[in-house]
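So you can see what is in the structure, the chains are spelled out below.
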Amino acid sequence: MPKVKFYTGIDIPLEFHRARIVQKVRLLPIDERYEALKKGGFNTYRMDSADVYLDMLTDSGTNAMSDLQLAAMMRADDAYAGSESFKRLEKAVFDVLGKRYVVPAHQGRAAENVIMRAFLKPGDVVPMNYHFGSTANHIRINGGRHIDLVAPDVAFTSASDNQFKGNIDIARLEDCIAKYGAEHIPFIRMEASTNLIGGQPFSMANLMEVRKVADRHGIKVLLDACLLGENAWLIIQREPEYAHATLAEVLLKMCSLADIVYFSARKLSCTRGAVIATDNYQDKLKMDQVVAVFEGYVTYGGMSMKEIEAMAQGLYEATDEEYICQNPEFIRYFVNEAVRMGIPMVTPPGVLGAQIDAKKFCDHLPVKDLPASSLAAAIYLCSGVRTMDGGTYQDVSEDDPDFVADMELVRMAFPRKVLTLSQTMYALDRLKWLYDNRKLIGAIRCHDIPGMQRCFRTPMEPVGDWPERLIAKFKQDFPDSL
Ligand SMILES: *Cc1c(COP(=O)(O)O)cnc(C)c1O
């Protein structure tokens, strides 16, 4: 993808795969989209997939699989214990991530449950570059607390030219260890392609610094590798020292700097399930105990053997630049075009999805009006594209009524190898229309359901008749278009 230049000078991403199986999608007329939105309580999580034209909610479990992954599924060994499929997964983990022992779990958050139950004590703190929702919840229910240590002025500034917004601020990390004491810190967590600040990478130099600090204090490093392939790819693009390294080399080096590596296979490896990997046999045994209670036997961990076979193959494909760069290149294209149109986006372009700064997009709405939630609803209404509200409403609120998230983002995810360029351009076109009509977007209120992951469950309601006014303007501008 990066090596092909077009004669006409056009700068578009070019795919190195072809579609062999396709799935029909429907674009409902706008009045039916409004009905679908009402039925889902204006919360994109609560909508039916059948009512969605382009599903840009998440990359989780929705990535396209390869022919070789599907082929691998046919040879699954369903043995309860000691499955051949699990051995092939162990080999793939060793070859690609360099770790000897594999602890399986049914999905990323289950891996987090296993890790926190095995290593976290009540009263512990976990310093990290930035939290992910499920991680923060598992730390919390096990009696601990997470501490975000990205540099706030860098990471929370949406329009930036900082290439590594996911870096941990090393001075803040040192202060944190001095304040709480190494004995209360089971590990320092580094999240690849930091999800909730816009899919922003950390640099290899930063990870090496973190390793040094950890060694000095005898603390483990935990690497959340859900979006590892893309972070590695951005290191090759952005960190001069690695410009000539292969993806395989960068992946191995990143993992070598961590004691425990875990990933949701819904992201890395384009399947479903999760893996925890380590070189420490004692740590593996500790985690195996939790797996045996909550997940399943230790050679499948709640996963289907077919998925395990596809995961092993998917891990090898994570070393393939032509596959891995597809997601960041589409996002780069989308973000650059959107910025050219004046739309406030998170820059530099990250991975996983293109992220809109909802506070700037809806600068007429205060945060208490939930601009990210309103914007996600408005995008669906004018396009049939489902996005994710990544603002105050979706973050870990800790049941504090005055809680405000660090950023108000709307994420347009690019499931890997799924969307075509014309679909991408359609999403961009409708986003531009909406931006030009943004003053019509009004407030949203949520019928607050307290508790964790409220974003998955809570219905919301628009304040006033702004959806009707947006629909009227749409019909005026698109008289004969869906
Ligand atoms: C998705 C994700 C998780 C959790 O994985 P699930 O399979 O959804 O439970 C953890 N960390 C990050 C960074 C993620 O993106």
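These numbers were taken from a predicted model, which means no experiment stands behind them.

Q: Run through the overall build of the chain, naming residues and quoting values.
A: If you tally the helices and strands in the chain, you get 18 helices and 14 strands. Expected size for 482 residues packed as a compact globule is a radius of gyration near 23 Å; at 22 Å, the chain falls within 12% of this value. Over its C-alpha atoms, taken along the principal directions, the chain stretches across nearly 65 × 50 × 45 Å. Buried positions account for 59% of the 482 residues belonging to the chain. Summed over all atoms, the accessible surface of the chain reaches about 19,300 Å², with 53% contributed by carbon and sulfur. Across the chain, the mean location of the 56 positive side-chain charges is 2 Å away from that of the 64 negative side-chain charges.

Q: Got a sec to walk through the sheet that holds strand E9 (residues 353–357)? Specific residues and values, please.
A: A sheet is described by the order of its strands in space; here three strands give the open sequence E9-E12-E11, paired in antiparallel fashion. Here the strands that pair on one side only, and so sit at the sheet edges, are E9 and strand E11 (388–390). Across the sheet, the axes of successive neighbouring strands diverge by a mean angle of 30°, strand direction being ignored. Relative to strand E12 (residues 409–413), E11 runs antiparallel, the two being bridged by three bridges. Following the sheet pairing, Asp389 is matched in E12 by Val410.

Q: A description of the environment of Val96 should follow, citing residues and the corresponding values.
A: Inspection of the secondary structure puts Val96 in helix H3 (residues 84–97). Sequence separation between Val96 and Ala312 is 216 residues; the distance between their C-alpha atoms is 9.6 Å. Apart from the residues within four sequence positions on either side, Val96 is in contact with Leu251, Leu252, Leu315, Tyr316 and Thr319.

Q: Please set out the site of the ligand residue by residue, giving values where relevant.
A: The immediate surroundings of the ligand are formed by 13 residues, with Gly108, Arg109, Asp224, Ser264 and Lys267 found nearest. Contact distances for the ligand include 3.1 Å between an oxygen atom and a side-chain N or O atom of Gln107. The dominant element in the shell around the ligand, judged by the number of residues it contributes, is helix H4 (residues 108–119), at three residues. In terms of residue class, the shell around the ligand is built from two nonpolar, five polar and six charged.

Q: Describe in detail the pairing of strand E4 (residues 145–148), supporting the description with residues and values.
A: Judged from the four bridges that link them, strand E3 (residues 125–128) and E4 form a sheet pairing that is parallel. In the strand pairing of E4, Pro127 is matched with Ile147. At this point the chain moves from E3, through helix H5 (residues 133–141), to the parallel E4, and the crossover so formed is right-handed.

Q: Would you mind going over the packing of H3 against helix H12 (residues 305–317) in detail, with residue names and values included?
A: It is the contact of H3 with H12, at a shortest axis distance of 9 Å, that shows an interaxial angle of 20°. Looking at the two axes, H3 sits roughly parallel to H12. H12 is crossed by H3, and the crossing has left-handed handedness. The residues of H12 that touch H3, namely those facing Ser85, Phe86, Arg88, Leu89, Lys91, Ala92, Val93, Asp95 and Val96, are Met305, Ile308, Glu309, Met311, Ala312, Leu315 and Tyr316. When its residues are assigned to classes, the contact of H3 with H12 shows 11 nonpolar, one polar and four charged.

What counts, and where the lines are drawn
- Residues numbered from 1 in each chain as written.
- Predicted model: local features only at pLDDT ≥ 70, side-chain atom pairs only at ≥ 80, totals over all residues.
- Heavy atoms only, no water.
- Helix = DSSP H or I, 4+ residues; strand = E, 2+ residues; numbered from the N terminus.
- Rg over C-alpha atoms; globule rule 2.2 N^0.38 Å.
- Buried < 20%, exposed > 50% of the residue type's maximum accessible area, 1.4 Å probe, protein only.
- Areas by Shrake-Rupley, 256 points an atom, 1.4 Å probe, with all protein chains shown as cover.
- Lys, Arg positive; Asp, Glu negative; His and termini not counted.
- Charge placed at Lys NZ, Arg CZ, Asp CG, Glu CD.
- Pairing = 2+ DSSP bridges.
- Axes fitted to C-alpha atoms, helices over the stretch in contact; angles between N-to-C directions.
- Contact = heavy atoms within 4.5 Å.
- Near = heavy atom within 4 Å.
- Polar contact = N/O pair within 3.5 Å; in protein donor to acceptor, adjacent residues only side chain to side chain.
- Nonpolar A, V, L, I, M, F, W, Y, C, P; charged D, E, K, R; others polar.
- Right-handed = clockwise from strand over helix to strand, strands pointing away.
- Parallel < 35°, antiparallel > 145°, perpendicular 65-115°, else oblique.
- Left-handed = near helix turned anticlockwise from the far one by under 90°.

Note that all results are geometric; they support no functional claim without further evidence.
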